[in-house]
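Observations on the model geometry
Letter by letter, the chains look like this.
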Amino acid sequence: IKSKDKDIDMAVFQGLQICNMQSTKLPVKGEFYFVVSHRFGDLTEGINNFFGLDNALTKIGGIYGVTNWLAISAARHTYNKTYEMGAKYKFATKK
């Protein structure tokens, strides 16, 4: 006997990014995520460089869900003052 109810799977990863890698999750159409990430600098100098925060590398940007299968992103990095643009899409769904 075949059930008419559709099973809904939960995302394995709840975040859009895992460390510096992309996850399988996409934002829903119209959602905007503000992203701030950083890498600490040298911790061995202790309070002299505020435990690595004085020379930390920072990324600030956003991710927007254009549709339920397409997201676009833009960000700025403090390292070499570079900019980043990207797109993420879902090309298959589980049936």
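Residues numbered from 1 in each chain as written. Predicted model: local features only at pLDDT ≥ 70, side-chain atom pairs only at ≥ 80, totals over all residues. Heavy atoms only, no water.

1. Points about the overall build of the chain
- The helix and strand inventory of the chain stands at 0 helices and 6 strands.
- Scanning the chain from its N terminus toward the C terminus, one meets helices and strands in the order β-β-β-β-β-β.
- By residue count, 19% of the 95 residues in the chain fall in the buried class.
- In the chain, once contacts between residues fewer than 6 apart in sequence are set aside, the share between residues at least 24 apart is 34%.
- When the accessible surface of the chain is summed, it comes to about 8,200 Å², and 61% of that surface belongs to carbon and sulfur atoms. (Helix = DSSP H or I, 4+ residues; strand = E, 2+ residues; numbered from the N terminus. Buried < 20%, exposed > 50% of the residue type's maximum accessible area, 1.4 Å probe, protein only. Contact = heavy atoms within 4.5 Å. Areas by Shrake-Rupley, 256 points an atom, 1.4 Å probe, with all protein chains shown as cover.)

2. Focus on the sheet that holds strand β5 (residues 70–77)
- With antiparallel pairing, 4 strands are arranged side by side in an open sheet as β3-β4-β5-β6. The sheet is open, and its two borders are formed by β3 (32–39) and β6 (83–89), each paired with just one other strand. The sheet shows a mean angle of 20° between the axes of neighbouring strands, direction not considered.
- Of the pairings in the sheet, the one linking strand β4 (residues 57–65) to β5 comprises 7 bridges and is antiparallel in character. Bridge assignment links Gly65 to a residue of β5, and that residue is Ala71. (Pairing = 2+ DSSP bridges. Axes fitted to C-alpha atoms, helices over the stretch in contact; angles between N-to-C directions.)

3. Let's talk about the nonpolar core
- Within the largest apolar cluster, 5 residues are counted, these being Leu16, Leu26, Val35, Ile63 and Ala71.
- The residues contacting Ile63, other than those within four sequence positions of it, are Leu16, Gln17, Pro27, Glu31, Phe32, Tyr33, Val35, Ala71, Ile72 and Ser73. (Core = buried A, V, L, I, M, F, W, Y, C linked by side-chain atoms within 4.5 Å.)

4. Focus: the side chain of Asn49
- With respect to the helices and strands, Asn49 occurs in the loop between β3 and β4.
- Assessed through its relative accessible area of 6%, Asn49 is described here as buried.

5. Notes on the pairing of β6
- Sheet analysis places β5 next to β6, joined by 7 bridges and oriented antiparallel. In the sheet register, Ser73 faces β6, and the bridge partner there is Gly86.
- The turn linking β5 back onto β6 is made up of 5 residues, and Asn80 within it adopts a positive phi angle of 55°.

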